[in-house]
Amino acid sequence: MNAAEFRKRGKEMVDYVADYLEHIERRQVFPDIEPGYLRPLIPDSAPEEGEKYEEIIKDVERVIMPGVTHWHSPYFFAYFPTGSSYPAMLADMLCGAIGCIGFSWASSPACTELETVMLDWLGKMVGLPEQFLAGTKGEGGGVIQGTASEATLMALLAARTKVIRRLQAENGKLTESEIISRMVAYTSDQAHSSVERASLISGVRMKKIPSDEKFAARGHALKKALEEDKAEGLIPVFFCATLGTTNSCSFDNLMELGPICNAEKLWMHIDAAYAGSAFICPEFRYLMKGVEFADSFNFNPHKWLLVNFDCSAFWVKKRSDLIGAFKMDPVYLQYDQQESGLVTDYRHWQIPLGRRFRSLKLWFVFRIYGIKGLQTHIRKHVDLAREFLNHLSLDERFEVCAPVILGLVCFRLKGSNELNKILLQKINNAKKIHIVPCCLGSTFVLRFAVCASSVESSHIQFAWKHIEELASELLKTKSQYSDLLTGEEGCL
Ligand SMILES: *Cc1c(COP(=O)(O)O)cnc(C)c1O
């Protein structure tokens, strides 16, 4: 494809994308296909000779769209939102065009420098304490990771290295593997599965602190675990707190947990993957009270801040903790300005070497919407969740299962887990809306998350009416399911 054809096809693609998103409501939110649907639709091997562009674009509707779950449909209420906006897509296009691999300052200075400044902008926008910002003299700073999972893993690995170095400085005979085998990290029983996965990958055992009746981790529970483990000779190194859990959007109590972590020299990482975006609104910042105790903080602008995947913002108070932990300097990556003290080499802050120019997405989105535009987006979603909650509260067949603070409503029919599993099945089989469940303790719960940026009050009303009608139908024909409704069982 040459530049002339790219101009033509590029304009066509922009039209296709705009049409897709403008009319996404007409598409069924969840596809009607079975596993393995795609293989028979395309050849077994790549073509020997190049094909015409027309042939490829025709296949988008034939092969791809029938198998797409439309995350940006206003009838999508599953998981958590994933951000999308036209300025972010345009910036991603430019990122593709520049196509640099920004592992060091010299590998593309703009890629590094814009990222540092954008993470400072974003840190200020969400009210992070000054120590997390790089500025021109700070010891902290931010970096864009691909996902919250990688941010948690980086934090845990940095904490691990820090403790190994500290203990080896005190006692030169201790080996790394001896120390790691005695390490222990903590998180709450409501933490995202990626936190436990970071423990599996790092080889640092992890214990789950039981959460309270509002699904928050509390100080006394952490303290109890710490005392037991220290008595057994274990070395506590890390605590991952969650602001906005995936199950129910609950918030760990940082004011209790933070001082304990600091006193016990535990690295405190905060996973605010979803809820972090809400802190752009001052009225939600009470939820991050105690963030000043943390060593690292992370949230996903690609969830709720109109930035397309992938863009996970990760800040540390001491960037030397990251750089010191993973530094490698082969000759082919060295350059003249390296020792100036003024450059950042982001390869030391992450697991891969290569990295894309993702800060362009932030820059475009922040400038097009402004802080006010982004606040409007968050507030609209929170209001729509409350609207759904209002419908729900007026229907006494249903119950609300967790406090509704941001854009997520956890609810269920009063009755057994089995009854609610059938309701979920009916909802998702009808494919008019899409939602996913969760377990709160041993209770099976339906999650209604306000997701698409195009969602309006009319879609919330539609979703509620649809759920309510399916529930009526289910309750009327309940006897049909009597074999499924015997006795209370666990959540899964
Ligand atoms: C979504 C979510 C994650 C995982 O996010 P990735 O960026 O996909 O790794 C982690 N923690 C919480 C609380 C989440 O809601």
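For the structure given in this document, a descriptive report is provided here. Each chain has its residues counted from 1, following the order in which its sequence is written. Totals for whole chains, interfaces and linings use all residues, but because this is a predicted model, local features are given only for residues with pLDDT of at least 70 and pairs of side-chain atoms are given and counted only at 80 or more. Excluding hydrogens and water, the side-chain values take into account all heavy atoms of the structure.

1. What about the pairing of strand β6 (residues 296-299)?
It is a general feature of regular strands that their side chains alternate between the two faces of the sheet.
Logical step 1: Burial classes: relative accessible area under 20% of the type maximum marks a residue as buried, over 50% as exposed, and values in between as partly exposed (1.4 Å probe, protein chains only). Secondary structure elements are taken from DSSP: a helix is a run of H or I of four residues or more, a strand is a run of E of two residues or more, and numbering for both begins at the N terminus. Residues of β6 alternate between two faces, with S296 and N298 on one and F297 and F299 on the opposite face, all of them buried.
Logical step 2: With three bridges joining them, strand β5 (residues 267-271) and β6 adopt parallel strand pairing. Each residue of the ladder has a partner; that of D271, found in β6, is N298.
Logical step 3: Bridge count for β6 against strand β7 (residues 312-316) is four bridges, and the pairing is antiparallel. Each residue of the ladder has a partner; that of F299, found in β7, is A313. Pairing between strands is defined by DSSP: at least two bridges between the two strands are required.

2. Thoughts on the packing of aromatic side chains
Logical step 1: Here a pair means two rings of Phe, Tyr or Trp (six-membered ring of Trp) with centres within 6.5 Å. Their orientation is stacked below 30 degrees between planes, edge-to-face above 60, and tilted elsewhere. Evaluation of the coordinates by the stated rule reveals 19 aromatic pairs.
Logical step 2: Their ring planes at 55° and their centres at 6.2 Å tell us that W363 and F364 sit as a pair that is tilted.
Logical step 3: Here F364 falls in the partly exposed class, since its relative accessible area comes to 25%.
Logical step 4: Their ring planes at 0° and their centres at 3.7 Å tell us that F388 and F448 sit as a pair that is stacked. Taken together, the positions of F388 in helix α12 (residues 359-393) and F448 in strand β11 (residues 443-449) put the pair 60 residues apart, joining distant regions of the chain. Just as F388 is buried, F448 falls in that class too.

3. Side note on the sheet that holds strand β3 (residues 205-209)
Logical step 1: Spatially, β1-β7-β6-β5-β4-β2-β3 is the arrangement adopted by the seven strands of the open sheet, whose pairing is mixed. Looking at which strands have only one partner, the edges of the open sheet turn out to be β1 (141-145) and β3. Averaged over all neighbouring strand pairs, the angle between strand axes comes to 20°, with direction disregarded.
Logical step 2: On the sheet, helix α8 (residues 219-231) packs against β2 (183-188), β3 and β4 (235-242) and is oriented at approximately 165° with respect to β2.
Logical step 3: Note on contacts: a residue pair is in contact if any heavy atoms of the two residues lie within 4.5 Å. Angles shown run from 0 to 180 degrees and are taken between the N-to-C directions of axes, each axis being a line fitted to C-alpha atoms and, for helices, limited to the stretch in contact. Seen against the sheet, helix α9 (residues 254-263) touches β4 and β5 and runs at an angle of roughly 150° to β5.

4. Quick look at the state of the cysteines
Logical step 1: Cysteine sulfur pairs qualify as disulfides if the two atoms are within 2.5 Å. Within this structure, the stated rule accounts for one disulfide.
Logical step 2: A disulfide bridge connects C439 with C491, and the sulfur atoms are separated by 1.9 Å. Across the S-S bond linking C439 and C491, the dihedral sits near -90°, which makes this disulfide left-handed. Of the two residues, C439 is situated in strand β10 (residues 436-440) and C491 in the segment after α14 (457-476); the sequence distance between them amounts to 52 residues.
Logical step 3: With a relative accessible area of 23%, C439 lands in the partly exposed category.
Logical step 4: Of the cysteine sulfurs around C111, a residue in no disulfide, the closest is that of C100, at 4.2 Å.
Logical step 5: In this structure C261 is not part of a disulfide, and its nearest cysteine sulfur, from C240, lies 10 Å away.

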